[in-house]
Amino acid sequence: MKPFDIVIVGGGGAGLYAAMEAMKTNPALNIAVLSKVYPNRSHTSAAQGGANAALGNKAKDDTIEMHIFDTIKGSDYLADQDAVEVLCSEAPKIIRELENIGTPWSRLDDNTIAQRPFGGAGRPRCCYCADKTGHTILQTLYEQCLRKGVLFFNEYFALNLSVNGSRSRGLIAMNMKTGKVEAFPAKTVIFATGGYAKMYWNRSSNAAGNSGDGQAIAFRAGIPMKDMEFVQFHPTGLRKSGLLVTEGARGEGGYLINKDGERFMARYAKEKMELGPRDLVSRSIETEILEGRGFNSPAGKYIHLDLRHLGADLIKSRLPQIREMSLNFEGVDPIEEPIPVRPTAHYSMGGIDTDNFGRTVMDGVYAAGECACVSVHGANRLGGNSLLDILVFGRIVGHTAAEEAGKFSPATISEAELKESVDELRNRMQPSGHYERYGALREELGQTLALNVGIFRESSLLHKGIQDIAELKERFKKVRVFDSSDVFNTNLMQVLELQNMLELAETVAVGALAREESRGSHTRIDFPVRDDEKWHKHTLATLVDGKVLPGEKPVTMGRYELQERTY
Amino acid sequence: MTETIDQHQEGKRDVTFRVFRFNPQVDSKPYFDDYTISAERGITVLRSLNYIKEHVDATLSFRAFCQAGICGSCGMRVNGISKLACTSQVWEELDKCREPGIIKVEPLRSLPMIKDLIVDMDPLVDKMKHYSNWIDSTMPLAEMGKKEFLVSEEEFHRYDKATDCILCASCVSECSILRANKEYVSPAVLLKSYRMNVDSRDSIHDVRLAELVKDHGVWDCTHCYRCQESCVKSIPIMEAIHAIREDALECRGPKDTSGAKHAEAFMEDIEKKGKLVEATLPIRTNGMVWTLRNLLPMAVKMIVKRRTPPPPPLVKSAKGIKIFRVMFREMTEHVKQDHQKTHKK
């Protein structure tokens, strides 16, 4: 294959924006976007809420400065302040740019882009399109990429980076339609593959494919991961699937009830009750379940989200989506019955360690979006900042790679190296000696993570989690690929995704064990307070000789001094 | 008091999934496999397929991603109807089975088969490109990101519903025209075209419309409403198709293409006689040369079988035509007024 200047892995918001911006920066470049799904299927589409930008449409006195402060405070002071400044300063421009190219935003009376209040924000600055903001942004970006003739390789599963010393030579990927392993020699590779929270499996709101492929590939190539222990849990996921029941249900007045019929939030947040911050409500529900006041079912323990007192009319008019989801995924009509819920892994703050331009430690390798950790979210992400992150840093990384591609000589990937990848897959598909079922391993991984590396963490639990993951990795070597065909082998793809999840799970658990404090989404029962003296720093995890080597990196401070985070 | 309180007493029901199988590497033709599992209330078709893949047959191949009805990956035919597997309840489907207890699962139609329930989406993407399914902004490049367009909530509502489309291709699979003509633009692409055409920020309305009125375009739709009935997001797709046609007649005139001429000829006949003058309809739609070249053999056959439509002078006006004409004029006047109200750019 002809060598590329830029190969982008992932076709969600970050990947598509990077492609557009790279083409704009230098139209002569040879750019490709690889995606394991059709780009319009990417998980960006699931973001409902919106994207924060201090446009000042709704609250005239909103400022970029306030957005910066809210984000830093929300991050529990672990975000890098220079990166947050980039995020928030670029926000108004990028939202307007999206508007200019066709994103259908909801509108205010004065015909400007509509904004609404969101958790942790001092002003209503979340720009939205009804409850489908991510979906419409993704559609817009995909449309524009089609318009500009971006070269897509859809349904290609990325396998490995080709590395020569401290430099990447490109990517090796499998064409799902043919099963053929193909080389993508490239001067630069951008990872934009989304988050890794699906490793919690049925205890995650993520799409099935959010297995952290980009992170795992980078990790295997020796690139460090940063702050992997920070995983955000959303309080109300559906019991069976982990799918999200949005905050709107509690916003409209829904109750959280335990098996004794109590509105237990009175114990944890007397004033705010069900409307406390996400991490607090998640911890409260988990406490109820741990202390035996949850309900039992074959699909796991849970508590009730009761909407019945709101009445059929209100549920039908204001919460139609929630009713539909509850019916579709639990078979429960919230007009008649309470919805069974429990906290669900929702977002990964950690990821590939990058600088403010998306560069990693390896020459020619970049990352952006949930896949990367710049870090703008620190220990806890604010609602409305994830869409913003993928847009702003997607664009920056596209621009950076386009500017820097010229620095590198054209890359080649040798036949021998390609053959190595093919042989590895062949071995993996050998039936002899392979008998473990990937489905069981995947479920066990999710269970041990939820139990031992979940909302409440503690030294002995984390040790247990690390041990479980090690055992699962051992058993994984014996996993059987039952489908031997070349054409669209989803069995093989899911096995490879499981491998990626297992590799990253170790970094999450190791990071969580190392961080002996409680900060943002990371709660240690044995270290219940934030310890700025010892732990106001990022953790790193690098793969050296098959082992996770822990490391650390200072947090970039700026105008804002450390403060206690209270709301 | 009981130890476990589970208010959702979940009974289980045995259900057989009869699934379409085809692996081009080994199968010369498709076949069906039966998988029987027991499913509790609240289980979706997708979760059942996942269960089968994990526990019964790992070779069963289908696409799935978000599993929450927003990504559009798992479009397939369940009991003969195109829909998303992830939002289809097994227990509800059990009530719709042709054979009791057997849920039939097949791939979407009108798209090339790849394997089992997976079809090739590329033809749909190609059509989105062909019909410029994007906004070509009137904002100059140098001005991008500096200021917002001011768009009224009213304009937003014109395309709000259309932007719900997740390109799951259920409408593509159900469309009766596409099954006969793979070149046909397809409902999803018409919907997207409409959405772009009514957006005031767009600059290529005329270019897009010019493509839409050509062969295989908007005039080929036969109003069967299958697209709209099967839309998983309940989008009124037919309204969008009608709107494109009205737009075409308004912007390009009634003599523009055979589709427009056909519509015009219909109106003319209905107004004059209250029914169609079928004998001359092809000539008025496609012209004399086309008709002679394409329909002469059929005309001969019709004469032989004595099935020719009556010549125009013999087509008598329908009963009550005078009252009808008054009503007809009143109606067209109303439509014109409504049109001016809602479609003014």
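As a starting point, this report considers the structure included with it. Only a predicted model underlies this, so the values are computations on that prediction, with no experimental measurement involved.

### Considerations on the overall build of chain A
Right, so step 1: Along its length, chain A carries 16 helices and 21 strands.
Right, so step 2: Here the C-alpha radius of gyration of chain A, 23 Å, is about what a compact globule of 567 residues would show, namely 24 Å.
Right, so step 3: Projected onto its principal axes, the C-alpha coordinates of chain A cover approximately 65 × 60 × 50 Å.
Right, so step 4: Here chain A holds 567 residues, and the buried ones make up 66% of them.
Right, so step 5: Taking as baseline every contact in chain A between residues at least 6 positions apart, the subset at least 24 positions apart corresponds to 73%.
Right, so step 6: In the form shown here, chain A has an accessible surface area of approximately 18,900 Å², with 51% of it arising from carbon and sulfur atoms.
Right, so step 7: The averaged location of the 73 negative side-chain charges in chain A is 2 Å from the averaged location of its 68 positive side-chain charges.

### A short note on the sheet that holds strand S20 (residues 537–544) of chain A
Residue and element names in this part refer to chain A.
Right, so step 1: Sheet architecture is open: 5 strands sit in the order S17-S15-S10-S20-S21, paired in mixed fashion. The open sheet terminates on both sides in strands that have one partner only, identified here as strand S17 (372–373) and strand S21 (547–554).
Right, so step 2: Here S20 runs beside S21; their pairing, made up of 8 bridges, is antiparallel. If you follow Thr 542 over to S21, its bridge partner there is Leu 549.

### Re the state of the cysteines
Here a disulfide denotes one covalent bond, and it connects the sulfur atoms of two cysteines.
Right, so step 1: Evaluated as defined, the whole model comprises 0 disulfides over all chains.
Right, so step 2: Free cysteine: Cys 88 of chain A, not disulfide-bonded; nearest cysteine sulfur from Cys 127 of chain A at 12 Å.
Right, so step 3: Of all cysteine sulfurs in the structure, the one in Cys 221 of chain B sits closest to Cys 227 of chain B, which takes part in no disulfide; the separation is 6.4 Å.
Right, so step 4: Of the residues examined, Cys 227 of chain B reaches a relative accessible area of 6% and is grouped as buried.

### Regarding the nonpolar core
Residues and elements named next belong to chain A.
Right, so step 1: Ranked by internal contacts, the top residues of the largest apolar core, which has 109 residues, are Ile 6, Ile 95 and Leu 391.
Right, so step 2: If we skip the residues at most four places from it in the chain, Ile 6 touches Ala 22, Leu 29, Asn 30, Ile 31, Ala 32, Thr 188, Ile 190, Ala 401 and Ala 402.
Right, so step 3: Core analysis: the second largest hydrophobic core is formed by 79 residues, Val 7, Phe 157, Phe 191 and Leu 504 among them.

### Thoughts on empty space enclosed by the protein
Residues and elements named next belong to chain B.
Right, so step 1: Under the criterion given, the structure shown has 8 cavities of 30 Å³ or more.
Right, so step 2: Breaking the lining of the largest cavity down by element, the ones donating at least two residues are helix H5 (170–174) and helix H7 (187–197).
Right, so step 3: Split into classes, the residues belonging to the lining of the largest cavity amount to 12 nonpolar, 1 polar and 2 charged.

### Description of the sheet that holds strand S5 (residues 126–127) of chain A
Right, so step 1: The 3 strands are arranged S3-S5-S4 (chain A) in an open sheet whose pairing can be described as antiparallel. Each edge of the sheet is formed by a strand with only one pairing partner; in this case those strands are strand S3 (51–52) and strand S4 (115–116) of chain A.

### What about the packing of helix H8 (residues 205–212) of chain B against helix H10 (residues 237–252) of chain B?
All names here are of chain B.
Right, so step 1: For the pair H8 and H10, interaxial distance at closest approach is 11 Å and the crossing angle is 110°. Considered as vectors, H8 and H10 are oriented roughly perpendicular to each other. Contacts between H8 and H10 pair His 205, Leu 209, Ala 210 and Leu 212 from the former with Ile 244, Asp 247, Ala 248, Cys 251 and Arg 252 from the latter.
Right, so step 2: Split by residue class, the contact of H8 with H10 holds 6 nonpolar, 1 polar and 2 charged.

### Focus: a nonpolar patch on the surface
Residue and element names in this part refer to chain B.
Right, so step 1: There is a patch of nonpolar side chains on the surface, built from Ile 283, Met 288, Leu 292, Leu 296, Val 300 and Val 304 and spanning about 530 Å² of accessible area.
Right, so step 2: Residue contributions to the nonpolar patch peak at 5 residues, all from helix H13 (residues 288–304).
Right, so step 3: With respect to the helices and strands, Val 304 occurs in helix H13.

### As for the interface of chain B and chain A
Right, so step 1: Listed by partner, the interface residues are 76 residues for chain B and 79 residues for chain A.
Right, so step 2: Counting the contacts that link chain B with chain A gives 12 salt bridges.
Right, so step 3: The residue Asp 136 of chain B makes a salt bridge to Arg 147 of chain A at a minimum N-O spacing of 3.3 Å.
Right, so step 4: Of all the secondary structure elements, the ones that give two or more residues to the side of chain B that touches chain A are helix H1 (45–55), strand S6 (113–115), helix H3 (122–130), helix H4 (153–160) and H7 of chain B.

Calculation notes
Residues numbered from 1 in each chain as written. Chains lettered and ligands numbered in written order. Predicted model: local features only at pLDDT ≥ 70, side-chain atom pairs only at ≥ 80, totals over all residues. Heavy atoms only, no water. Helix = DSSP H or I, 4+ residues; strand = E, 2+ residues; numbered from the N terminus. Rg over C-alpha atoms; globule rule 2.2 N^0.38 Å. Buried < 20%, exposed > 50% of the residue type's maximum accessible area, 1.4 Å probe, protein only. Contact = heavy atoms within 4.5 Å. Areas by Shrake-Rupley, 256 points an atom, 1.4 Å probe, with all protein chains shown as cover. Lys, Arg positive; Asp, Glu negative; His and termini not counted. Charge placed at Lys NZ, Arg CZ, Asp CG, Glu CD. Pairing = 2+ DSSP bridges. Disulfide = S-S within 2.5 Å. Core = buried A, V, L, I, M, F, W, Y, C linked by side-chain atoms within 4.5 Å. 1 Å grid on protein atoms, 1.4 Å probe; cavity = no way out; pocket = protein on both sides within 12 Å on 5 of 7 lines; lining within 4 Å. Points joined across faces, edges and corners; volume = space filled by probe spheres on them. Nonpolar A, V, L, I, M, F, W, Y, C, P; charged D, E, K, R; others polar. Axes fitted to C-alpha atoms, helices over the stretch in contact; angles between N-to-C directions. Parallel < 35°, antiparallel > 145°, perpendicular 65-115°, else oblique. Patch = residues over 30% accessible without salt bridge, like charges linked within 9 Å, V, L, I, M, F, W, Y side chains within 5 Å. Salt bridge = Lys/Arg side-chain N within 4 Å of Asp/Glu carboxyl O.

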